Amino acid sequence: MRSESITDTNKFIDSMAKVTIYTTPTCVYCRAAKEFFKENNVAYEEKNVAEDEQAREDMIVKSEQMGVPVIDVDGTIVIGFDRQKLSELLSLGS
Amino acid sequence: MTYDLVIIGTGAAGLSAAIYAERYKLNTLLIGEEFGGETATAGAIENWPGNKIIDGYELMAAMKEQALAAGAEIREGRVIRVKKKDACFDVFTEKESVHAKAVILAIGAQRRHLNLPNEKELTGKGVHYCVTCDGPVYAKKTVAMVGGGDSSVKGVNFLAEYAEKIYLITREKEPHAEPVNMERMKAHGEKVEILAETQVKEIVGEKKLESLVLSRSYRGEERLAVDGLFVEIGFDPDKTFADQLGLELDERGYLKADNMMRTNVPGVFPAGDAVNHFEGFKQDITAAALGAVAATSAYDYVRKNGSRCEFHASA
């Protein structure tokens, strides 16, 4: 199994939006979303819902569902890796 | 610009085809909607030669890197239409269109659903189709897996790392999976229970999944309380491009091709799970093999017929 840190706040500071991504360690769409953020210099906080029960509850309350990834961009909830919607929310223009 | 070859699909078959096509010096564009296809979500793969164990996503990332290094161009996008025009093909995505002398359809297949009322409404709310994605969300919970093949047993073994209790619901007398995966499942003991010769009749829940109604009672009850349901009951072929191009299908609805992946439409070559070769035995290695064969036939076709497309494209 792939191992990743439970939380991984990267160092990019270009984005002003507060971005939280709820993930599981083996979810490929979570991984694709994180790669998208890194490519676009978007800072994000990652919460691994497989281990962090509070994060799991928060994710379910926010998104009203249990699929990952769930991405919170300044309070707007995106379910799944929706590249187009994220680009709009983060003003990435792609 | 006209590409020698456009490959639709970025899973094991498409990426393998791209690697081979570049070795044949075909100017190749690869377009895919979901990088890595089914392999990317497969979790740990232990039967890919050369790797004792490799994560499916990592394997696809390595294939992509190899295809890019060989010279292939890869774009993300959903192909919605393929049209044959004289000796050329027009490939349309939602945003653009490209010309090609030949096309490889490495389009995979669609995950089969149970087609029960409430299934769609509760998708993501207890009903899931990607165990490696959403399985870990059910840590310490009770879940069910529907299916009887290797993917479902492998899925149960994955879930066992997280869930407290797992029911494998199969309509067969017993699941049929690789012996190594069956042994692992048995090693989980009482944590995994097999409900044989049983089908899910109803999916019950309003805002989220609450229980399943079974075709055969379990411990005197027809209703089984579960937090999550994972569905691994196989795949159905996607006929979209077959209809558009007039491709023949086999008796199961998969793209019909000869041993060299040639179809009834010259210049169109299928590969991977879109083809039902090997009697339905679908693996990464078979998908990759069919991709290599399709690229070889595409090379042969472009070498003999490519100039006809250049003539039409410039006319």
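Residues numbered from 1 in each chain as written. Chains lettered and ligands numbered in written order. Predicted model: local features only at pLDDT ≥ 70, side-chain atom pairs only at ≥ 80, totals over all residues.

Draft legend 1. The overall build of chain A, seen in detail. Counting its secondary structure elements, chain A contains three helices and four strands. Looking at the 94 residues of chain A, the share that counts as buried comes to 40%. Considering only contacts in chain A between residues 6 or more positions apart, those separated by 24 or more positions represent 61%. (Helix = DSSP H or I, 4+ residues; strand = E, 2+ residues; numbered from the N terminus. Buried ≥ 20, exposed ≤ 12 C-beta atoms within 10 Å, placed from the backbone. Contact = placed C-beta atoms within 7 Å.)

Draft legend 2. Focus on the overall build of chain B. Regarding its fold elements, chain B presents eight helices and 19 strands. Over its C-alpha atoms chain B spans a radius of gyration of 22 Å, differing by no more than 12% from the 20 Å that the globule rule assigns to 315 residues. Overall size of chain B, expressed as C-alpha extent along the three principal axes, is 75 × 40 × 30 Å. Looking at chain B residue by residue over its 315 residues, the buried ones come to 49%. Across chain B, contacts joining residues at least 24 apart in sequence account for 63% of those joining residues at least 6 apart. (Rg over C-alpha atoms; globule rule 2.2 N^0.38 Å.)

Draft legend 3. Representation of the environment of Ala-17 of chain B within the structure. Residues and elements named next belong to chain B. Here Ala-17 lies in helix α1 (residues 12-23). Separated by 152 residues in the primary sequence, Ala-17 and Ile-169 place their C-alpha atoms 37 Å from one another. Setting aside residues up to four positions removed in sequence, Ala-17 forms contacts with Ile-7, Ile-104, Ala-106, Ala-271, Gly-291, Ala-292, Ala-294 and Ala-295.

Draft legend 4. Main features of the sheet that holds strand β13 (residues 192-195) of chain B. Residue and element names in this part refer to chain B. Pairing is parallel across the open sheet formed by five strands, whose spatial order is β10-β17-β11-β12-β13. Both outer strands of the open sheet, β10 (127-128) and β13, are each paired with one neighbouring strand and no more. Pairing between strand β11 (residues 142-146) and strand β12 (residues 165-169): five bridges, direction parallel. By the bridge assignment for β12, Met-145 is matched with Leu-168. Seen against the sheet, helix α5 (residues 150-159) touches β11, β12, β13 and β17 (228-231) and runs at an angle of roughly 165 degrees to β11. (Pairing = 2+ DSSP bridges. Axes fitted to C-alpha atoms, helices over the stretch in contact; angles between N-to-C directions.)

Draft legend 5. Just unusual backbone geometry, in detail. The omega angle of the peptide bond from Val-68 of chain A to Pro-69 of chain A is 0 degrees, so this bond is cis rather than trans. When you line up the elements, Pro-69 of chain A lands in the loop between α2 (53-63) and β3 (70-73).

Draft legend 6. Focus on the interface of chain B and chain A. Contact with chain B, which involves 19 residues of that partner, is made by 18 residues of chain A. A total of three residues in the side of chain B that touches chain A trace back to one element, the largest contributor, which is helix α4 (residues 131-134) of chain B. Split into classes, the residues belonging to the side of chain B that touches chain A amount to nine nonpolar, seven polar and three charged. (Nonpolar A, V, L, I, M, F, W, Y, C, P; charged D, E, K, R; others polar.)

Draft legend 7. Fine view of the sheet that holds strand β15 (residues 209-218) of chain B. Residue and element names in this part refer to chain B. Judged by pairing direction, the sheet is antiparallel, and its three strands sit side by side in the order β14-β15-β16 without closing on themselves. If you trace the sheet from one side to the other, it starts and ends with β14 (200-205) and β16 (221-225), each paired once. Strand-to-strand twist in this sheet, taken as the mean axis angle between neighbours without regard to direction, amounts to 30 degrees. In this structure, β14 lies alongside β15, joined through five bridges in antiparallel fashion. Paired with Gly-205 across the two strands is Leu-209, which belongs to β15.

Draft legend 8. The confidence of the model for chain B, seen in detail. Summary statistics for chain B give a mean pLDDT of 95 and a share of 98% for residues scoring 70 or more. Two summary scores accompany this predicted model of the complex, namely pTM at 0.88 and ipTM at 0.84. (pLDDT = per-residue confidence, 0-100.)

Draft legend 9. Structural detail: the packing of α5 of chain B against helix α6 (residues 179-187) of chain B. Residue and element names in this part refer to chain B. Where α5 meets α6, the axes come as close as 9 Å, and the angle between the chain directions of the two elements is 35 degrees. Every pair of crossing elements has a handedness; the one defined by α5 and α6 is left-handed. Contact with α5, carried on its side by Asp-150, Val-153, Lys-154, Val-156 and Asn-157, involves Asn-181, Met-182, Arg-184 and Met-185 of α6 and no other residues of that element. Classifying every residue of the contact of α5 with α6 gives four nonpolar, two polar and three charged. (Left-handed = near helix turned anticlockwise from the far one by under 90°.)

Draft legend 10. A look at the domain arrangement of chain B. Taken domain by domain, chain B holds domain 1 (2-110 + 235-314) and domain 2 (127-231). For domain 1 of chain B versus domain 2 of chain B, the distance between C-alpha centres works out to 34 Å. (Domains from an automatic or database assignment.)

Draft legend 11. Spatial organisation of the pairing of β3 of chain A. Residues and elements named next belong to chain A. Because side chains alternate across β3, one face comprises the buried residues Val-70 and Asp-72, and the other comprises Ile-71 and Val-73, equally buried. Bridge analysis of strand β1 (residues 19-23) against β3 gives four bridges, and the strand direction is antiparallel. Bridge pairing in β3 links Thr-20 to Asp-72. In this sheet, strand β4 (residues 76-79) lies alongside β3 in antiparallel orientation, the contact comprising four bridges.

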